[in-house]
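Examination of the molecular architecture
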Amino acid sequence: MALLPILNYPDPRLRTIAEPVKEVTAETKTLIADMIETMYDAQGIGLAASQVDRHIQLIVMDLSEDKSHPRVFINPKVTPLVEEKQPYEEGCLSVPDVYDKVERPTKVRIEALDENGDKIDEDVEGLLAVCIQHEMDHLNGVIFVDYLSRLKQTRARDKVRKVIKIREKQGAHAAEQQPQTTNA
Ligand code: K1U
Ligand code: ZN
């Protein structure tokens, strides 16, 4: 398994519309395993293939406490079941360290296939409803900050730039601390 690099806002590749998955191949299964590992490593609760620069309709998610129940949604269709919307403080692995409230329908129907090709047809509420709508947006090239004011979008851009710089410095520092191997 491998950790995949996550695209950061405002990378234009995050705006790509994802294509349907035609067939679940060995390559798709490897991508699913890599996305689950990447989501856990980044301490996220969801990840869309678009975020790892793979523009296919594939989402992984794990809302369990002990991170033991990963779920896979292939070619998902999400339909609101109510008009009522509620705000929820969202985060995004592609917009690190930025959190803000987004209003979304509180109850939705999810139709999709799982990793075995079995049909998913569920009416859901709560965090699953929020998260699947957030991930569906990724597949459609939409990022949660698009729902915020221009000012907040600019701040989010600046924040992400800062976080990337800090992470690059930390990465360089960590590399310096590695014991040097010699061929001798
Ligand atoms: O798509 C993503 O970038 C994953 C995202 C999913 C998500 C979290 C919260 C609301 C909507 C969608 C994350 O996992 S963000 C990081 C995170 O773990 C988190 C943030 C807020 C609440 C709970 C978890
Ligand atoms: Zn996101």
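What comes next concerns the included structure. (Residues numbered from 1 in each chain as written. Chains lettered and ligands numbered in written order. Predicted model: local features only at pLDDT ≥ 70, side-chain atom pairs only at ≥ 80, totals over all residues. Heavy atoms only, no water.)

Turning to helix 3 (residues 150-177), a few remarks are in order. Its 28 residues place the ends of helix 3 41 Å apart at the C-alpha level, agreeing with the 40 Å of an ideal helix rising 1.5 Å per residue. Those residues of helix 3 not exposed but buried are Q153, A156, V160 and V163. (Helix = DSSP H or I, 4+ residues; strand = E, 2+ residues; numbered from the N terminus. Expected span 1.5 Å × (residues − 1). Buried < 20%, exposed > 50% of the residue type's maximum accessible area, 1.4 Å probe, protein only.)

Among the 15 residues in the neighbourhood of ligand 1, the closest are listed as Q43, I45, Q51, L93 and E135. Here an oxygen atom of ligand 1 sits 2.7 Å away from a polar atom, N or O, in the main chain of L93. A distance of 3.4 Å is found between an oxygen atom of ligand 1 and a side-chain nitrogen or oxygen belonging to H138. Its free accessible area being 500 Å², ligand 1 has 85% of it covered by the protein chains. Here the shell around ligand 1 takes five residues from helix 2 (residues 126-139), the largest share from any one element. Looking at the shell around ligand 1 residue by residue, the classes come out as six nonpolar, seven polar and two charged. (Near = heavy atom within 4 Å. Polar contact = N/O pair within 3.5 Å; in protein donor to acceptor, adjacent residues only side chain to side chain. Areas by Shrake-Rupley, 256 points an atom, 1.4 Å probe, with all protein chains shown as cover. Nonpolar A, V, L, I, M, F, W, Y, C, P; charged D, E, K, R; others polar.)

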